[in-house]
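Observations on the model geometry
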Amino acid sequence: MRQPPVRCVEFVESVTDWMEDALDHDDRLTLEEHLAICPHCTEYVGQLRLAVALLREVGETVPRTSPPPEARASLLDAFRHERGA
């Protein structure tokens, strides 16, 4: 049975799963049919791919460090205060 066409809002809601290959075959085909005819969603996917590539590039050049212990403690205290704990 053929699925109904996808609207842009539905495409946007599922695009992350589509990009991560986390959709079943039918859902993937339905989204790709929409992508083939929708210039707006095609542009959106291009922007997402560019953002992912830039984040990977930045992630490779920025050293991964932890915040100083006093900053971590201060943030945890603020979160606990907000939650009323």
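All of the points below concern the structure found in this document.

Each value, and the rule that gives it
Residues numbered from 1 in each chain as written. Predicted model: local features only at pLDDT ≥ 70, side-chain atom pairs only at ≥ 80, totals over all residues. Heavy atoms only, no water. Helix = DSSP H or I, 4+ residues; strand = E, 2+ residues; numbered from the N terminus. Buried < 20%, exposed > 50% of the residue type's maximum accessible area, 1.4 Å probe, protein only. Contact = heavy atoms within 4.5 Å. Axes fitted to C-alpha atoms, helices over the stretch in contact; angles between N-to-C directions. Left-handed = near helix turned anticlockwise from the far one by under 90°. Nonpolar A, V, L, I, M, F, W, Y, C, P; charged D, E, K, R; others polar. Phe/Tyr/Trp six-rings, centres within 6.5 Å; stacked < 30°, edge-to-face > 60°.

A word on the side chain of His34. Tracing the backbone shows His34 in helix H2 (residues 25-37). With a relative accessible area of 8%, His34 lands in the buried category. Ignoring any residue separated from it by four or fewer positions in sequence, one finds His34 in contact with Val6, Arg7, Cys8, Phe11 and Cys41.

Packing of helix H1 (residues 8-19) against helix H3 (residues 39-61) leaves a shortest axis separation of 11 Å and a crossing angle of 35°. In the packing of H1 onto H3, the handedness of the crossing is right-handed. In this structure, H1 uses Cys8, Phe11, Val12, Val15, Trp18 and Met19 to contact H3, whose residues at the interface are Cys41, Tyr44, Val45, Leu48 and Arg49. Class assignment of the residues belonging to the contact of H1 with H3 gives a composition of 10 nonpolar, no polar and 1 charged.

The backbone of Asp21 sits at a positive phi, close to 55°, despite the residue not being glycine. Relative to the helices and strands, Asp21 resides in the loop between H1 and H2. Residue Asp21 is classed as exposed on the basis of its relative accessible area of 54%.

This paragraph deals with the packing of aromatic side chains. As enumerated under the stated definition, the model contains 1 aromatic pair in all. Ring centres 6.2 Å apart and planes at 50° place the aromatic pair Phe11 and Trp18 in the tilted group.

Our focus in this paragraph is the environment of Val12. Its place among the elements puts Val12 in helix H1. For Val12, a relative accessible area of 38% puts it in the partly exposed group. Residues Val12 and Leu29, spaced 17 residues apart in sequence, show a C-alpha to C-alpha distance of 15 Å.

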